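Chain and residue survey
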Amino acid sequence: MHIGILTGGGDCPGLNAVIRAVTLALINEAQARVTGIEQGFLGLLTGRSRPLDAHAVEGLLAQGGTVLGTHNRCDPFHFFGAQGADCSAQAMDCVRRLGLDALVAIGGDGTMAIAHRFEALGLPVVGVPKTIDNDLFHTDRSFGFDSAVAVVADALDRLETTARSHGRVMIAETMGRYAGWIALEGGIAGGADVILLPELPVDVDAVAAHCRAREIDPGYTLICIGEGARLQDGELTVRERIADSPDPLRLGGVGHALERALSQQLDSEVRTTLLGHVQRGGSPTPFDRVLATRFGYHAAELVRQQRFGRMVTLQGDTVGSVAIAEVAGRNRCVPTDHPLLRTVRGIGVMLG
Ligand code: F6P
């Protein structure tokens with residue numbers, strides 16, 4: 001067997017750990033040959049690839065990013081480099097030239113949607129869910145999420161120092177796109193007093209009243225807001241629109257919009273920190289290293305058993321799989337009846 005591996009979409013802590021586990025398990029247990037496709041699906045158009053063996057994946061477990069490189073705009077069925085033309089036949093030629101029997105695609109909803117289309121063209125595929133946003137359907141956790149939450153918690157711990165010392169309202173804006181998982185769990189772990197999610201309506205006046213009450217005691221407020229949260233006008237805060245991209249809206253800036261709105265109503269100074277790509281950077285947490293290793297091993301098992309068209313999942317503590325067709329292009333937001341929401345409300349954290 002000759003198996004290709006690629007990483008698609010944004011980089012994420014744990015990608016290298018998956019590459020390592022898939023490669024080692026395929027070599028050890030399936031005597032397979034493994035090739036890394038570089039820069040995501042773009043590598044299937046340019047033919048850029050490299051052999052992977054035990055030596056090539058040595059030391060990858062704790063390394064952030066992806067040694068294969070990635071691309072978050074390349075969809076061969078709608079190729080940005082050819083005015084949106086369908087270049088999938090060219091990609092399939094590359095698959096034949098390389099002599100690949102199957103592909104392991106590590107990525108988010110967009111990558112799964114593309115992988116699913118290649119499956120229909122006759123390329124056997126196994127998917128591995130990656131995203132710091134934790135918003136993929138049918139998996140309770142994607143690797144990378146725990147690492148992002150750790151960054152948010154650390155940032156809030158540090159912002160609390162200034163909030164307390166200066167009697168300020170400090171806002172931390174997290175990533176997460178249209179799902180509030182990072183803001184919710186990062187906010188809880190970092191002790192935020194107000195957590196604002198894309199899934200819940202945000203009442204700026206109520207947030208201001210909450211901060212005003214806290215101006216007297218304890219004198220400061222820590223707010224954690226997800227980038228996809230909508231303020232009173234119900235609009236998303238969009239930093240940039242990108243033409244010919246599967247993900248055309250670049251979110252960001254809602255924290256600063258909230259800062260402007262709160263400043264008009266409060267005596268305290270309000271300051272915002274946009275956490276941005278630091279949430280995606282650096283070494284994966286031990287939890288993500290273990291999860292990435294479990295996912296990689298399971299992906300290799302699916303290949304060995306020739307169970308293609310499936311994406312690895314974590315449900316409860318069990319690693320399993322679902323049909324990629326069931327997850328492709330679908331997102332999983334925080335349900336408004338999620339038990340964590342009751343928990344945080346119950347300890348007096350304001351939610352919106
Ligand atoms: O999906 C992961 C993610 O980090 C989102 O949380 C964020 O909105 C987006 O990617 C940013 O993407 P880019 O690196 O292309 O700006």
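See the structure printed just above.
Let me sum up the structure you'll find in this document. (Residues numbered from 1 in each chain as written. Predicted model: local features only at pLDDT ≥ 70, side-chain atom pairs only at ≥ 80, totals over all residues. Heavy atoms only, no water.)

1. Here we look at the pattern of salt bridges
- On inspection of all chains with the given rule, the structure shows 16 salt bridges.
- Across the pair R164 and E160 runs a salt bridge, and its minimum N-O distance is 2.9 Å. Separated by four residues within a single helix, R164 and E160 lie in helix α5 (residues 145-166), roughly one turn from each other.
- Residue classification places E160 among the partly exposed positions, given a relative accessible area of 22%.
- Of the charged contacts in the structure, one is a salt bridge between D317 and R294, with a shortest N-O distance of 3.2 Å. (Salt bridge = Lys/Arg side-chain N within 4 Å of Asp/Glu carboxyl O. Helix = DSSP H or I, 4+ residues; strand = E, 2+ residues; numbered from the N terminus. Buried < 20%, exposed > 50% of the residue type's maximum accessible area, 1.4 Å probe, protein only.)

2. Quick look at the sheet that holds strand β4 (residues 102-107)
- Taken together, seven strands build an open sheet; the order of strands is β3-β2-β1-β4-β5-β12-β13 and the sheet is mixed. Every interior strand has two partners, whereas the edge strands, β3 (49-52) and β13 (318-323), have only one. Each strand axis lies, on average, 30° off the axis of its neighbour in the sheet, ignoring direction.
- Two elements, β4 and strand β5 (residues 125-129), share five bridges in a ladder whose sense is parallel. Considered in β5, the bridge of A105 is made with G127.
- Along the sheet, helix α4 (residues 109-120) contacts β4, β5 and β12 (310-315); its crossing angle with β4, the most-contacted strand, is approximately 165°.
- Contacts from helix α9 (residues 286-304) reach β1 (2-7), β4, β5, β12 and β13, with the element oriented near 140° to β12. (Pairing = 2+ DSSP bridges. Axes fitted to C-alpha atoms, helices over the stretch in contact; angles between N-to-C directions. Contact = heavy atoms within 4.5 Å.)

3. Describing the sheet that holds strand β6 (residues 169-174)
- Within the open sheet, the five strands sit side by side as β11-β6-β8-β7-β14. Their pairing is parallel. Unpaired on one side and paired on the other, β11 (270-274) and β14 (350-351) mark the two borders of the sheet.
- Of the pairings in the sheet, the one linking β6 to strand β8 (residues 221-226) comprises six bridges and is parallel in character. Residue pairing for β8: E173 is matched across the bridge by I225.
- Its contacts with the sheet place α5 against β6, β8 and β11, and it is angled at close to 145° to β8.
- Helix-sheet contacts for helix α6 (residues 181-189) involve β6, β7 (194-196) and β8, and the interaxial angle to β7 is about 170°.

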